[in-house]
Amino acid sequence: GEDVEQSLFLSVREGDSSVINCTYTDSSSTYLYWYKQEPGAGLQLLTYIFSNMDMKQDQRLTVLLNKKDKHLSLRIADTQTGDSAIYFCVEYRAAGNKLTFGGGTRVLVKP
Amino acid sequence: NAGVTQTPKFQVLKTGQSMTLQCAQDMNHEYMSWYRQDPGMGLRLIHYSVGAGITDQGEVPNGYNVSRSTTEDFPLRLLSAAPSQTSVYFCASSYQEGYEQYFGPGTRLTVT
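Because the structure is a prediction, the values reported are computed rather than measured.

The rules behind each value
- Sequence order as written defines residue numbering, which begins from 1 separately in each chain.
- Key to labels: chains lettered from A, ligands numbered from 1, both in the order written.
- Reporting in this predicted model follows two pLDDT cut-offs: at least 70 for local features of residues, and 80 or more for side-chain atom pairs to be given and counted; totals over whole chains, interfaces and linings ignore these cut-offs and use all residues.
- No hydrogens and no water enter the side-chain calculation; it runs on all heavy atoms of the structure.
- Throughout, a contact is declared for two residues whenever any of their heavy atoms are within 4.5 Å.
- A side-chain nitrogen of Lys or Arg and a carboxyl oxygen of Asp or Glu constitute a salt bridge if their distance falls within 4 Å.
- Here a polar contact means two N or O atoms within 3.5 Å. Within protein one must be a hydrogen donor candidate and the other an acceptor candidate, and residues neighboring in sequence count only if both atoms are side-chain atoms.
- Side-chain classes follow a simple rule in which Ala, Val, Leu, Ile, Met, Phe, Trp, Tyr, Cys and Pro form the nonpolar group, Asp, Glu, Lys and Arg form the charged group, and the remainder, Gly included, forms the polar group.
- Helix numbering and strand numbering both begin at the N terminus, where a helix is a DSSP run of H or I of at least 4 residues and a strand a DSSP run of E of at least 2.
- Strand pairing is defined by DSSP finding a minimum of two bridges between the two strands.
- Note on geometry: axes are C-alpha line fits, over the in-contact stretch for helices, and angles between N-to-C directions span 0 to 180 degrees.
- Here, the term disulfide refers to a pair of cysteine sulfur atoms separated by no more than 2.5 Å.
- Burial classification: accessible surface area is computed with a 1.4 Å probe over protein chains only, and a residue below 20% of its type maximum counts as buried, one above 50% as exposed, and the rest as partly exposed.

## Some words on the interface of chain B and chain A
Interface size is often expressed as the accessible area that is lost when the parts come together. With 15 residues of chain B at the contact, the number on the chain A side is 15 residues. Remark: the boundary between chain B and chain A carries 0 salt bridges. Between chain B and chain A we count 2 residue pairs in polar contact (both at pLDDT 80 or more) in total. Tallied by class, residues from the side of chain B that touches chain A come to 7 nonpolar, 6 polar and 2 charged.

## Describing unusual backbone geometry
The linkage connecting B:Thr7 with the following residue, B:Pro8, adopts the cis geometry, with an omega of -5°. Along the chain, B:Pro8 falls in the loop between β1 (4–7) and β2 (10–13). One non-glycine residue, A:Lys70, lies in the positive phi region at around 55°. Mapped onto the elements, A:Lys70 comes out in the loop between β7 (61–66) and β8 (71–76).

## Side note on the sheet that holds strand β3 (residues 19–25) of chain B
Residues and elements named next belong to chain B. An order of β1-β3-β8-β7 is seen for the 4 strands of this open sheet, with the pairing classed as antiparallel. Strands with a single pairing partner mark the edges of an open sheet, and in this sheet they are β1 and β7 (64–66). Sheet twist, expressed as the average angle between the axes of neighbouring strands with direction ignored, equals 20°. In this sheet, strand β8 (residues 76–78) lies alongside β3 in antiparallel orientation, the contact comprising 3 bridges. Counted as the bridge partner of threonine 20 is arginine 77 from β8.

## Section: the state of the cysteines
Residue and element names in this part refer to chain A. On inspection of all chains with the given rule, the structure shows 2 disulfides over all chains. Disulfide pairing is shown between cysteine 22 and cysteine 89; the S-S distance is 2.0 Å. Where cysteine 22 bonds to cysteine 89 through sulfur, the torsion about that S-S bond is close to -65°, and the disulfide is left-handed. With cysteine 22 in strand β3 (residues 18–24) and cysteine 89 in strand β9 (residues 85–93), this pair connects stretches of sequence that are 67 residues apart. In this structure cysteine 22 comes out as buried when scored by relative accessible area, which is 1%. Cysteine 89 gets classed as buried once you look at its relative accessible area, which sits at 0%.

## Focus on the sheet that holds β3(A)
Residue and element names in this part refer to chain A. Sheet architecture is open: 5 strands sit in the order β1-β3-β8-β7-β6, paired in antiparallel fashion. One side of each edge strand has no neighbouring strand; the edge strands of this open sheet are β1 (4–6) and β6 (55–58). With direction set aside, neighbouring strand axes in the sheet form an average angle of 15°. In the sheet, β1 pairs with β3 via 3 bridges, with the strands oriented antiparallel. When the sheet's bridge partners are listed, valine 4 is paired in β3 with tyrosine 24.

## Focus: the side chain of A:Gln37
Its location among the elements puts A:Gln37 in strand β4 (residues 31–37). Residue A:Gln37 is classed as buried on the basis of its relative accessible area of 8%. Of the polar contacts made by the side chain of A:Gln37, one reaches the backbone oxygen of A:Ala41; its length is 3.0 Å. Residues contacting A:Gln37, with those up to four places away along its chain left out, are A:Gly42, A:Leu43, A:Ala85, A:Ile86, A:Phe88, B:Gln37 and B:Phe90.

Shown next, in the form of structure tokens:
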């Protein structure tokens, strides 16, 4: 199968860390992306990781990739109310030029 | 740059009507695509284009047509609207396939 799965919902208090998890099934994926969708808007690329990397850090964002378990996570440090959005895990395979989107995780940041 | 623009933002159609959703980008991107977003299902690819004059089907192409006569424009046509096509439609473009995709703001379509 070529599924990308994410939990539906995450609630977190402002200032805490958020961790959004994603699992995928295709071991030949080349890149893995995290996109953010704010209410009523399109998707924006947050960060990405090459499949030959284990970790990538970008300011408050940390992406961890476990290729053996096909598990990807996005950690947001010091979560702010502006981080409330839907986060999509997206897998890209160069073979077949295919992008597969997860169903999205809705993150709600409470003050 | 305006990025990726879509019109209209909202549309209500009756079953059987046809219409065209417009998409344009000013970044000289070769790759353009149309997705539909339904609750809990992420985005599903309808059609895509790797350059002017070249289009191909995605995951859910039935009931939709596309054309790419210029690099900038990639309209999506609904031939005979059905309630199952009620969704939010996103157009996206990228430099090439696999590169970061830039999304338009979306068109919310309701078919009654």
